[in-house]
Structure formats: C-alpha cells, structure tokens
Amino acid sequence: MKKVLVIEDNIDIRENIIEILELEGYTLFNADSGIKGVDLALEHQPDIILCDIMMPELDGYGVLQMLQKHKETNTIPFIFLTAKAEHLDQREAMELGADDYLVKPFDGLELLSSIESQLNK
Amino acid sequence: MKNADLLYSIIENAIDGIIAIDEWGKIESINPSGCEIFGYLPQEVIGQNITKLMPLPNKGGNEEFLNNYKRADIAKLIGIGREVEGLQKDGTVFPFRLGLSEIKNSDRKIYTGFIHDLTKEKAAELKVKEYTGDLELQVKERTKSLITTVKALKEAKEEVSTMLKKETELGLLKSRFISIASHEFRTPLTSIQLSASLIEQHAAPFEIVPIVKHVAKIQNSVGNLTNILNDFLSLEKLELGKEVPTFGEFNLVKLSEQIIEEMQMMTKPLQHIIYQHTGSSSLVKLDQNLLKCCIINLITNAIKYSGENTFIDFNTEIQADFCRITIKDNGIGIPESDQKHLFEAFFRAHNTGTIPGTGLGLNIVARYIDLMQGSVNFESHVNQGTIFIIRFQQQHEESTSHRG
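Please read these numbers as outputs of a predicted model, since none were measured by experiment.

The rules behind these values
Residues numbered from 1 in each chain as written. Chains lettered and ligands numbered in written order. Predicted model: local features only at pLDDT ≥ 70, side-chain atom pairs only at ≥ 80, totals over all residues. Helix = DSSP H or I, 4+ residues; strand = E, 2+ residues; numbered from the N terminus. Buried ≥ 20, exposed ≤ 12 C-beta atoms within 10 Å, placed from the backbone. Contact = placed C-beta atoms within 7 Å. Axes fitted to C-alpha atoms, helices over the stretch in contact; angles between N-to-C directions. Parallel < 35°, antiparallel > 145°, perpendicular 65-115°, else oblique. Left-handed = near helix turned anticlockwise from the far one by under 90°. Nonpolar A, V, L, I, M, F, W, Y, C, P; charged D, E, K, R; others polar. Core = buried A, V, L, I, M, F, W, Y, C linked by C-beta atoms within 7 Å. Pairing = 2+ DSSP bridges. Expected span 1.5 Å × (residues − 1). pLDDT = per-residue confidence, 0-100.

Details of the overall build of chain A
Stage number 1. Regarding its fold elements, chain A presents five helices and five strands.
Stage number 2. Listing each helix as α and each strand as β along chain A from the N terminus yields β-α-β-α-β-α-β-α-β-α.
Stage number 3. Burial statistics for chain A: of 121 residues in total, 40% are counted as buried.
Stage number 4. Within chain A, residue pairs in contact and separated by at least 24 positions form 58% of the contacts whose partners lie at least 6 positions apart.

Things to note about the overall build of chain B
Stage number 1. Across its full length, chain B holds 12 helices and 12 strands.
Stage number 2. In chain B, which comprises 404 residues, the share counted as buried stands at 20%.
Stage number 3. Put simply, 58% of the contacts in chain B that link residues at least 6 apart link residues at least 24 apart.

Examining the packing of helix H6 (residues 186-203) of chain B against helix H7 (residues 209-239) of chain B
Helix-helix packing is described using two parameters, namely the angle between the two axes and the distance between the axes.
Residues and elements named next belong to chain B.
Stage number 1. Running from amino to carboxyl end, H6 crosses H7 at an angle of 160°, the nearest separation of the two axes being 10 Å. Between H6 and H7, the angle is such that the two are roughly antiparallel. Crossing handedness for the pair H6 and H7: left-handed. For the pair formed by H6 and H7, the contact residues are Leu189, Ile192, Gln193, Ala196, Ile199, Glu200 and Ala203 on the first element and Ile211, Val215, Ile218, Gln219, Val222, Leu225 and Thr226 on the second.
Stage number 2. Considering only residue class, the contact of H6 with H7 consists of 10 nonpolar, three polar and one charged.

Digging into the interface of chain A and chain B
Stage number 1. On the side of chain B, 20 residues touch chain A, which itself brings 18 residues to the contact.
Stage number 2. With seven residues, helix H1 (residues 11-23) of chain A is the largest single contributor of residues to the side of chain A that touches chain B.
Stage number 3. The residue inventory of the side of chain A that touches chain B, partitioned by class, reads eight nonpolar, four polar and six charged.

A few points about the nonpolar core
Stage number 1. Among the nonpolar cores identified, the biggest contains 31 residues, and Ile49 and Leu50 of chain A are the most heavily contacted of them.
Stage number 2. Elements with a minimum of two residues in this core: strand S1 (3-7), H1, helix H2 (34-44), strand S3 (48-52), helix H3 (60-68), strand S4 (78-82) and helix H5 (108-119) of chain A.
Stage number 3. Membership of the second largest hydrophobic core comes to 28 residues, among which are Leu252, Val365, Tyr368 and Phe388 of chain B.

Comments concerning the sheet that holds strand S12 (residues 385-393) of chain B
Residue and element names in this part refer to chain B.
Stage number 1. Judged by pairing direction, the sheet is mixed, and its five strands sit side by side in the order S7-S9-S10-S12-S11 without closing on themselves. With partners counted over all chains shown, the strands left at the sheet margins are strand S7 (272-278) and strand S11 (375-381), one partner each. If you compare each strand with its neighbour and ignore which way they point, the axes differ by 10° on average.
Stage number 2. One ladder, built from seven bridges, connects S7 with strand S9 (residues 311-318); its direction is parallel. If you follow tyrosine 275 over to S9, its bridge partner there is phenylalanine 314.
Stage number 3. Contacting S7 and S9, helix H8 (residues 252-264) crosses the sheet at an angle of about 180° to S7.

Structural notes on unusual backbone geometry
Stage number 1. Cis geometry marks the peptide bond from lysine 104 of chain A to proline 105 of chain A; its omega dihedral reads -5°.
Stage number 2. In this structure, glutamine 45 of chain A is a non-glycine residue whose phi angle is positive, near 40°.
Stage number 3. Mapped onto the secondary structure, glutamine 45 of chain A falls in the loop between H2 and S3.
Stage number 4. Despite not being glycine, asparagine 309 of chain B shows a phi value in the positive range, around 60°.
Stage number 5. Mapped onto the secondary structure, asparagine 309 of chain B falls in the loop between helix H9 (288-304) and S9.
Stage number 6. Under the C-beta neighbour-count criterion, asparagine 309 of chain B is labelled exposed, with 11 such atoms within 10 Å.

Concerning the environment of glutamate 43 of chain A
Stage number 1. Counting through the fold element by element, glutamate 43 of chain A comes out in helix H2.
Stage number 2. When the C-alpha atoms of glutamate 43 of chain A and glutamate 72 of chain A are compared, they prove to be 9.5 Å apart, with 29 residues separating the residues in sequence.

What about the sheet that holds S1 of chain A?
All names here are of chain A.
Stage number 1. Across the sheet, five strands lie side by side as S2-S1-S3-S4-S5; this open sheet has parallel pairing. Looking along the sheet, the strands with just one partner apiece sit at the ends: strand S2 (27-31) and strand S5 (100-103). The sheet shows a mean angle of 20° between the axes of neighbouring strands, taken without regard to direction.
Stage number 2. The pairing of S4 with S5 spans four bridges and is parallel. Within S5, the position partnered with leucine 81 by the bridge is leucine 102.
Stage number 3. Together, S1, S2 and S3 form the strand contacts of H1, whose direction differs from that of S2 by roughly 170°.
Stage number 4. On the sheet, H2 packs against S1, S2 and S3 and is oriented at approximately 165° with respect to S1.

Describing the packing of H2 of chain A against H3 of chain A
Residue and element names in this part refer to chain A.
Stage number 1. Two elements in contact, H2 and H3, have axes whose closest approach is 9 Å; the angle formed by their N-to-C orientations is 25°. Compared by their axis directions, H2 and H3 come out roughly parallel. Where H2 crosses over H3, the two elements pack in a sense that is right-handed. Across from Gly34, Gly37, Val38 and Ala41 in H2, the residues of H3 making contact are Gly62, Val63, Met66 and Leu67.
Stage number 2. Considering only residue class, the contact of H2 with H3 consists of five nonpolar, three polar and no charged.

Notes on helix H5 (residues 119-184) of chain B
Stage number 1. The first and last C-alpha atoms of H5 of chain B sit 93 Å apart over 66 residues, in line with the 98 Å expected at 1.5 Å per residue.
Stage number 2. Sparse coverage of H5 of chain B is indicated by the burial of one of its 66 residues.

Focus: the environment of glutamine 219 of chain B
Residues and elements named next belong to chain B.
Stage number 1. Along the chain, the position of glutamine 219 falls in helix H7.
Stage number 2. A residue is classified by how many C-beta atoms lie within 10 Å of it, and glutamine 219, with 18 of them, is partly exposed.
Stage number 3. Glutamine 219 sits 22 residues away from serine 197 along the chain, and the two C-alpha atoms are 8.3 Å apart.

Some thoughts on the confidence of the model for chain B
Residues and elements named next belong to chain B.
Stage number 1. When pLDDT is averaged along chain B, the result is 87, and 91% of the positions lie at 70 or above.
Stage number 2. Overall, residues 69-76 carries pLDDT values under 50, and its contacts beyond four positions in sequence, including any with other chains, amount to four contacts.
Stage number 3. Predicted complex metrics record ipTM = 0.90 and pTM = 0.62.

Some words on the environment of methionine 263 of chain B
Residues and elements named next belong to chain B.
Stage number 1. In this fold, methionine 263 is placed in helix H8.
Stage number 2. Sequence separation between methionine 263 and isoleucine 273 is 10 residues, and the spatial gap between their C-alpha atoms is 8.4 Å.
Stage number 3. If we ignore the near neighbours within four places in the chain, the residues touching methionine 263 are Ile273, Ile296 and Ile299.

And the structure:
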C-alpha cells in the first residue's frame, strides 16, 4: 500500500488527515515538527509527503530544501499544506520545487484528489 | 573796518539766532534770525533781561545756570550745546540748542548765545518716536498673534501627529487582525472541514438525511467564512499597495474553461454556465491570477443572485485591439438607486436579503481591473438580471508576430 508522510504541527488537522487517508487504505507516518518529518522521510521513504508551511523551528520550506539534498527523498512528490492564501506564497512554494499545494481550509475530497493526481503521475 | 563789516554781515545773515547778554542777563544785541526765532523786533528785547525769552520753569534754571557760571566759573558749561526751551512772543514754547560762549571785554564779561531752533527736528524726532512706538506696538501685536498662531499650529501638529499615531496603531492592529484572521482562523477551519468530511464518510452507509444535511451546512459555512477571509486578505493587500500586477501572456479560453470546471460544482440545481468565445486569437497579456479572481468573483455573484434552473452566460471576445469579458445572469438585479454605490467597499444592494456576502467582492474586482488598466461596467434591471462587462485595450503585436 502507498505510504504517506504527514508533517503538521496542529494535532487536529494531523489526526483528521491520518484518519481520512487510512480509510482510503494508505499507510501513514506522521510528524509534529519539521525535524522529525525529515527523519521519518529519510527512514521510510514514503510515496508522498504532505507538509505544513508555518511550523516552529524548521518550517515547510526548510523541510523541502533538506529533502531535496538527499537522493533518497528528492524525487518524492511533495505537497504543501498552507494557511497562506496569497498568490505570491503559492508561486513561491511551486518555485521551491513543491509538486502541489493545498490552501487551508481544504476538505477530504481535495486532499484525496491532490494525492491521487500526484501518485498517478 | 572791513573786518568789522564782514563780521557784522556774518552775524546779521546767520541762520542761527545770536544773542549777546551782559553778566546780569541783560540783552545787549540780537541778530535778525534771533528776532525771527523768538518773534520779537530788536527794540522789544534789547535792554530786557534774557528771562523774557525763557519759559517759566526754565527761568530759574537758566538763571541758576548763569549764576552758577558766574559764581563757580564752570568752564565746562561754556561751549557745550545744551538743549533748552525758549519762549516766543506769542507764548509758544519751543526747543533750541544753545551754544554759550564767554567774551571777556576789558573790564566786563559778555556772553554770546547761539540759538539753533530745534522745533522741526523735535517734531520730526517726535514723529519718528511716535512712528517707532506705533511700529513697536504693531510688531508686538503681530508677534503676539504670531505666537498664538504658532502655538495653535503646534497644538494642531501635535493633534495631527497623535491622530496619525493612533491611525498607524489602528492600521497595525487591523493588519495584525487580518493576518491572524486569515492565517490562524484557517487552522481550526481546516480541522472543521476535515472532520465534516469524516462525518460524511462515516455516516454514508447509514443514509441519515439530517446528518447529510448538516454536514453540507458545515461545509458550506466553512466555505463562506473562507471567502470572507480571502476578501479581507485581498483588500488588505490592495490597501497596503502590495498588489502589483504581473503581466504575462496566457490563453484566456483555457483559463475560462478551467474556471467553469471549478464553478460548475458550485452552481444551484439546474443552473448552467454557458461559455462562448469570439475571435481568432485566445491570447491576452494580463495578470492571470488577478483576472481569474475577477471572473470567479463575478460568476460567484451570478450564481448567488440568480435562482435555480437559470443560465449564466459567460463570454470572452478578443479582437485586434481589445479584449472583452461579459458575465450575464437572469437574477434579482441591482436596484437603480444602489447602482452608483455598487463598487464601494462594504456596500451591498438592498435586495440582497439573507444572501451572504461582505460587500467587498466587487470593490476588489474593480480595483484589480483598474490595476490591469481595464474597465468594468454593468447593466442591470431588478428581477431581470445583470450583465458585467470587463474591457481591456490590447496591443497584439507580440502574439500576431509569434503566430505569423
């Protein structure tokens, strides 16, 4: 089954995402900080990574940059979960090398379709 | 006696009055100028005491002066110009400068007084004094009023700066609030939205109508709240002047089709968006994100303000020199009295009733289109519908040369 890594510091969002994806049959790994997320990504090499942007210490941009430095992780589809709804931030995220972004608040369908379209590439 | 003649002539023609008196003050001689100054004929004064030519308060003084002089032989008084007062025949007291010299003539002394009338000078001096006083008074008054003005200005400046400070603080507070609202509100909204999705999924097998209904309501409300946050964020960015359009060439037809695909999911039952494009080209040079926001905003309004089972006409047209986008609905329309306010921030037409909205959407649309140097107009009739027309002047040199 496809492995998904969720990096999100908000516990409610994190748990909801996990539940929605597990119901669809995905195997889930999760981290509540950027640093733990990078460790888990390197350890398990998931099929796709969902990552929040605004996190203390290591933010989403930092996580993406670190994962791009490792050949084990630099090809994994990377989706930003962002609370920033401005175009510039979205453009910025894509230019950094993210494959997609979901602007909060998103619903279950948006989450699943974004993941599926990345995995089917 | 040529010398004596000359001397006599000099004395007779001198402009200053010249009076000679003896030790006791008796006038021995007076020249014509002296007579003229005091207003006497020579015979009226010669042989008289000099006090005849002095006003009362001075009489004593001068006599005393002479006495003093006689007694004490105060050499320094001789030759020094003194300003004293004289008495004319008609009683007029006038100022003059007296130059006194002593002539020792064998056994007796004669005093000669040179009288230089100061009436004119004094009058001029007085005038200057008056004028100076007047000027000083004016300057004082002006200074006073200046000080008052400066004080008032200072106070006004302080007031303005206090107000400015307050306004800046308020602006900062507003920015902070909007930042919190748009970023922090999104986190709980996301868990609400995802929980709603989960409830929907968990409840699906049981087909419980109220659950389905309420989940839809939650999702709908989250959507409304998100739209409000987005409007606030857009407005804030516009207010701060941070919204700078980036022009780039893109395919308007492709964008339109993409928008319709997204919007078709939001339509009411049997509500259809009909899209049509006119013109051989489909390329425009505008800010794609801003234009997309505008079109989505106008189509959202068309959906919101028209009923089920209606058509929404969405047309784009690209010609050699312009690009035109129209969105037409058969909805509730805009009352004529409200039409002139339609693009104002927070304004909502009076017939919108309970349909949710911030009154910011069209304000943002107008400002985005303005940023792209376009124009937006509308025609509307209550209960018949509204058409919005966006227009941009376009130069197609680049795109035509590319295709050519």
